[in-house]
Amino acid sequence: MAFDVEKEIKIFWIVGVIVLLVYGAWLFISPESYYAVFGARGEIATFAARSVGGIYIAWGIIAIILFKKLDNWEKIEEWILFAVLEQILIFIAVIIDIVINKILGLHGIMLIIINIFFVVLGSHILIQKRK
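Residues numbered from 1 in each chain as written. Predicted model: local features only at pLDDT ≥ 70, side-chain atom pairs only at ≥ 80, totals over all residues. Heavy atoms only, no water.

Colleague: Please explain the overall build of the chain as it appears in this structure.
Modeller: Within the chain one finds five helices and zero strands. Listing the helices and strands of the chain from first to last along the sequence gives α-α-α-α-α. For the chain, contacts bridging at least 24 residues in sequence account for 72% of all contacts bridging at least 6. Taken as a whole, the chain presents about 8100 Å² of accessible surface, with 75% of it coming from carbon and sulfur. (Helix = DSSP H or I, 4+ residues; strand = E, 2+ residues; numbered from the N terminus. Contact = heavy atoms within 4.5 Å. Areas by Shrake-Rupley, 256 points an atom, 1.4 Å probe, with all protein chains shown as cover.)

Colleague: Got a minute to help me understand the pattern of salt bridges in this structure?
Modeller: It is possible for side chains bearing opposite charge to pair when their charged atoms get close. Following the criterion strictly, the structure yields one salt bridge and no others. Here Arg50 and Glu32 are joined by a salt bridge, their closest N and O atoms 3.8 Å apart. Of this pair, Arg50 sits in helix 3 (residues 46–66) while Glu32 sits in helix 2 (residues 31–38); the two residues are 18 residues apart in sequence, bridging distant segments of the chain. Assessed through its relative accessible area of 29%, Arg50 is described here as partly exposed. Residue class for Glu32 comes out partly exposed when judged on its relative accessible area of 41%. (Salt bridge = Lys/Arg side-chain N within 4 Å of Asp/Glu carboxyl O. Buried < 20%, exposed > 50% of the residue type's maximum accessible area, 1.4 Å probe, protein only.)

Colleague: So what exactly am I meant to see when it comes to the packing of aromatic side chains here?
Modeller: Centre-to-centre distance and the angle between the planes together describe a pair of aromatic rings. For the structure shown, the criterion picks out six aromatic pairs. Pairing Phe12 with Phe118 gives two aromatic rings, centres 5.5 Å apart and planes at 85°, and the pair type is edge-to-face. Of this pair, Phe12 sits in helix 1 (residues 5–29) while Phe118 sits in helix 5 (residues 106–130), placing them 106 residues apart in sequence. Each member of the pair, Phe12 as well as Phe118, is classed as buried. Plain terms: the ring middles of Tyr23 and Tyr34 are 5.7 Å apart, the flat faces sit at 65° to each other, and that makes the pair edge-to-face. (Phe/Tyr/Trp six-rings, centres within 6.5 Å; stacked < 30°, edge-to-face > 60°.)

Colleague: Where do I start with the side chain of Asn115 in this structure?
Modeller: Take Asn115: it is sitting in helix 5. Since its relative accessible area comes to 2%, Asn115 is described here as buried. Discounting residues that sit within four places of it in the chain, Asn115 has contacts with Gln87, Ile90 and Phe91.

Colleague: How should helix 5 be read in this particular structure?
Modeller: Each turn of an α-helix holds 3.6 residues, which means side chains three or four residues apart point in the same direction. Across its 25 residues, helix 5 extends 36 Å between first and last C-alpha, which sits within 8% of the 36 Å expected from 1.5 Å per residue. Every buried residue of helix 5 is accounted for by Gly108, Leu111, Ile112, Ile114, Asn115, Phe118, Val119, Leu121, Gly122, His124, Ile125 and Leu126. (Expected span 1.5 Å × (residues − 1).)

Colleague: Can you help me understand the nonpolar core in this one?
Modeller: In summary, soluble globular proteins display a tendency toward joint burial of nonpolar side chains. Counting 24 residues, the largest nonpolar core has Phe12, Trp13, Tyr34, Ile80 and Ile125 as the members making the most contacts within it. Sorting elements by how many residues they give to this core places helix 1 first, with seven residues. (Core = buried A, V, L, I, M, F, W, Y, C linked by side-chain atoms within 4.5 Å.)

Colleague: I'm lost on a nonpolar patch on the surface in this one. Help?
Modeller: A grouping of Leu81, Leu85, Ile88, Leu89, Ile92, Ile95, Ile96, Val99 and Ile100 is seen on the molecular surface, where their side chains present a nonpolar patch of about 790 Å² in accessible area. Along the chain, Ile100 falls in helix 4 (residues 73–101). Overall, Ile100 belongs to the exposed group, its relative accessible area being 59%. (Patch = residues over 30% accessible without salt bridge, like charges linked within 9 Å, V, L, I, M, F, W, Y side chains within 5 Å.)

Following this line, the structure appears as structure tokens:
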């Protein structure tokens, strides 16, 4: 059974936009409540959290605009590569934080699951499209 890579790209894109906008809005509007819900210690300054939230919102908006171009792989290949690299770097940062601070809360577990999902799906898409 062959994979429908075009369908996978759409799943990657839609789920990615949802995650970006939810996390982005939450971090941008109220990083304190995010820390409270997920038990994060809030060691990252709220300014840094809001900055990351703003970046995620901007990335989500760009992804919505680019969604119309999903029929042309060459136009979005770099964006998927960017997403995979960004997720790998966040995964590494979470692992480093767990090792250094010896704490793995709900926040860390969610980040690990989300990052693994996007790295696996994005890598699969990149490999399939290059065949």
